[in-house]
Amino acid sequence: MNKQLLIYSLLFFGFILTINAQEKRKIEIKYAGRLNVDEDKYPGARILTRDESQQVHIGHESIELWCDRAIHYGKENFIEAYGNVRMKQADTVNMTSKYIEYSGITQLALARGEVVLTDPNTTVSSDTLYFDRLKQEAFYRSGGTVVKDTSVTITSKIGRHYMQENKFKFVEDVVMVNDSSTIKSNYFDFYSDNGHAYLFGPSTITTPESETYCEKGFYDTEKETGYVLKNARIDYDDRIIEGDSLYLDNARNFASASNNIKVTDTINKSIIKGHYAEVFRGEEKDSVFITKKALAITVQEKDSIYIHADKIMVTGKPEERIIRAYYDARIYKSDLCGKADSIHSNQKTGLTKLINLNKFSSLDKFSTARKPIMWNLENQMTGDTIHLISNPKTEKLDSLLVFENAFIISLDTVSKTGYNQINGKRLKGLFNEQNQLRQVDITQNAQSIFYARNDLQELIGIDKAKSGSISILFDQGAIEEYTRLNQVDGSLSPESQYDERDKILKGFDWREEERLTSVDNLFKGDPPLELPVIKGLEDYVPPKDFFDEDLLERINQAGSRATENIVLSSKTLLGNLLKFNNQFSSKTWTKTNLSIKTYKDSKNTKAYQLISNTEKNAYMFQSNRTFGKKVKFSVWLKGKAEISIIIRDIDEEKTFVGLKTVNITPSWSKYSLFYTKNNENNEIKVVIGGIDKNENVYIKNTELINIPEN
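Residues numbered from 1 in each chain as written. Predicted model: local features only at pLDDT ≥ 70, side-chain atom pairs only at ≥ 80, totals over all residues. Heavy atoms only, no water.

Enquirer: How should the nonpolar core be read in this particular structure?
Expert: One recurring pattern in soluble globular proteins is that nonpolar side chains are buried together. Ranked by internal contacts, the top residues of the largest apolar core, which has 92 residues, are Met95 and Phe188. Core analysis: the second largest hydrophobic core is formed by 29 residues, Leu610, Ile643, Ile684 and Ile691 among them. (Core = buried A, V, L, I, M, F, W, Y, C linked by side-chain atoms within 4.5 Å. Buried < 20%, exposed > 50% of the residue type's maximum accessible area, 1.4 Å probe, protein only.)

Enquirer: What is the right way to read helix 2 (residues 549-558) from this model?
Expert: By the burial criterion, the buried members of helix 2 are Leu551, Leu552, Arg554, Ile555 and Ala558. When helix 2 is viewed along its axis, its buried side chains cluster within an angular range of 155° and face the same direction. Pointing more than 90 degrees away from the buried face of helix 2 are the exposed residues Glu549, Asn556 and Gln557. (Helix = DSSP H or I, 4+ residues; strand = E, 2+ residues; numbered from the N terminus. Arc of directions from axis to C-beta.)

Enquirer: Got a minute to help me understand the pairing of strand 3 (residues 45-49) in this structure?
Expert: As a general feature of sheets, a regular strand has side chains that alternate between the two faces. A large share of strand 3 lies buried, amounting to 4 of its 5 residues. Pairing geometry for strand 2 (residues 34-36) and strand 3, over 3 bridges, is antiparallel. Bridge pairing links Arg34 to Thr49 in strand 3. (Pairing = 2+ DSSP bridges.)

Enquirer: Even after reading the chapter, I still don't get the side chain of Glu64, so can you show me in this structure?
Expert: Among the secondary structure elements, Glu64 is positioned in strand 5 (residues 63-67). In this structure Glu64 comes out as buried when scored by relative accessible area, which is 18%. Here the side chain of Glu64 touches Lys30 through a polar contact of 2.7 Å, side chain to side chain. Sequence-distant contacts of Glu64, defined by excluding residues within four places in its chain, comprise Lys30, His57, Ile58, Gly59, Arg86, Met87 and Lys88. (Polar contact = N/O pair within 3.5 Å; in protein donor to acceptor, adjacent residues only side chain to side chain. Contact = heavy atoms within 4.5 Å.)

Enquirer: Sorry if this is basic, but what is going on with the pattern of salt bridges here?
Expert: Any two side chains of opposite charge can pair, so long as their charged atoms come close to each other. Tallied over the entire structure, the rule returns 33 salt bridges. Put simply, Lys98 and Glu114 hold a salt bridge, and the shortest N to O gap is 3.5 Å. Of this pair, Lys98 sits in strand 8 (residues 93-103) while Glu114 sits in strand 9 (residues 108-118); the two residues are 16 residues apart in sequence, bridging distant segments of the chain. Note that Glu514 is salt-bridged to Lys339, the shortest N-O span being 3.2 Å. Here Glu514, found in the loop between strand 35 (478-493) and helix 2, pairs with Lys339, found in strand 26 (residues 336-346); they are 175 residues apart in sequence, far enough to count as distant. Here Lys339 falls in the buried class, since its relative accessible area comes to 15%. Through salt bridges that share partners, Asp238, Arg239, Asp265, Arg281, Asp286 and Arg321 make up one connected network. (Salt bridge = Lys/Arg side-chain N within 4 Å of Asp/Glu carboxyl O.)

Enquirer: So what exactly am I meant to see when it comes to unusual backbone geometry here?
Expert: With glycine set apart, most residues show a phi of negative sign, and most peptide bonds adopt trans. The phi angle at Asn231 is positive, at roughly 55°, despite the residue not being glycine. One can find Asn231 in strand 19 (residues 225-235). You can call Asn231 exposed: its relative accessible area is 53%. Here the phi dihedral of Asn445 falls at roughly 55°; this positive angle occurs in a residue that is not glycine. Given the relative accessible area of 62%, Asn445 is considered exposed.

Enquirer: For this particular structure, what's the right way to read the pairing of strand 21 (residues 254-265)?
Expert: Counted residue by residue, strand 21 has 9 buried out of 12 residues, so it is predominantly covered. Of the pairings in the sheet, the one linking strand 20 (residues 239-249) to strand 21 comprises 9 bridges and is antiparallel in character. Bridging across to strand 21, Tyr247 finds its partner in Ser256. Linkage of strand 20 to strand 21, two consecutive antiparallel strands, is achieved through a turn of 4 residues, within which Asn253 is found at a positive phi near 55°. Two strands pair when backbone bridges link them, and strand 21 and strand 22 (residues 270-280) are joined in this way by 10 bridges, in the antiparallel orientation. Within the sheet, the bridge partner assigned to Ala257 lies in strand 22 and is Ala277. Between strand 21 and strand 22, which pair antiparallel one after the other, the connecting turn spans 4 residues, and Lys269 there sits at a positive phi close to 55°.

If you want it as structure tokens, here you go:
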């Protein structure tokens, strides 16, 4: 075969393939019981009706369609099907409805009336549904329901099904329900093959044990695990967890949090803060672990208690919480503070223990022993273990116990160089109504040094003695009187007769530089903390229009009266073009000199009050790119004021203003403004303005829609 003949053969073969492809794209009538024509009512169409044996049967490529009655426009390659309609695509998609129209040119189906579309994973139900066979996408905008394997049900106002990806994108009033949880969101992406859900905008995940709030999040509906960001919060029956990033495992009753964490115990009025936390729920595992600047706050009416440590653990039932703070633990109250390796606080009994751990002690036998320490007013107290007892009901300090090597020191307030000192085996202190140390009893091998002064605060001498025990009364931190029992020896001598070493008792360790003077002081000496950058979830990406340029071009090619419904639907499909059309506190609405306040009317309908911060002309606006030349802007208003609703055509060289001045009344009324653009793709700005100070203006339900030219 020569080269020229080969070229002609290829061209001829290609021409035959083109003819076959074109013929294959034609809608085929496979069966009809009766065939009629009605040129007056359906010009150029054939009317197909079922008989008693079977329905009308229509085919187009991989599409099979059955119905009771059909209008077939052969020239336009278009079919309208009525009555018990069923459409099937190979073995993957089945759709039933009362009515379907389908174009062999656009390969777009519009179904109405009790529409149900099923694929291997899901069932989609709606009153109106669009199915694009080429893109393998289904779309509804007037409310719909998606069911996955009977285990998951999702409802929303707008829904988009990407069949090849097993993916859904839901918008507005989205509610997902399964056996273990209910999810509500404004923007919700869902993958039906693995049950993964992505939440955007104000969203909640509710289970029998908890409610999780976020404005960006991920949730695995099958494993019951999730990851939430942006104003993230988990509410349990008795705890609230907040943080920059929260992980939740509802199957294990577990949650963890990172960065700027706050855990609120609503029963015990306590708060725990830090930058990493783990929380377990349940009778056996009820606990909170927190680290990185960990801080526990027991909230009291007049004076809260703060505990800080490297790590804090809270365990026990709600009525029996125990706080364990360990490694460089510190406690602060305005009238009392302390430090220890570990602090344990029982919120039920009111017992707080300050304990030092042997593993942190120095191996040097000549070093000063490390001991827990507490300060109250002018008094420093140390010992091997310190117990602080308070009354949980009255929130007042009751007593103080120091076990082994008890030592109490206070600076002589006059000389500022000498120290009043008492030591012994055990110490018991009692507090007065003002939470001040009133009485201290030291028992077994008590020793003391007091700077004795007369009424004029003149130094009489240094009183140094040993006894079986000592009882001391304090007044505002100063020694008022003391009593020694079973005194062994003692002397009162002038200060000049004492060497410096004789002015201190064995074990003396003045630690005033460690004293905590404020809440911020709790963190003094902590190493610098660098918080990790929170990553993991991308921002919400709005889907491309279902009626995109490709589909609109297919519709234009169809260009016949028979496709009028679909063409008209494409131009009005977007519905309300305004984002957050009834959430005026959103940043999508730009406000100038205007404050927004949430309001609910007598029917408990959510609305907003617009409050002007200036004498004249406060306003807010939102901009949108629109499709079509004619638009309508509507808004519901009530109150008593004269304001303006405005449409601006931003892309016009001389910005055109559509303006309407309205006098709003105390009853809700809808006000609308129309505008015809010179270019259908121009950007539109809608404005609500002219709001003056002291005017009463309430707003709800704004709407910007495209209006077909006819």
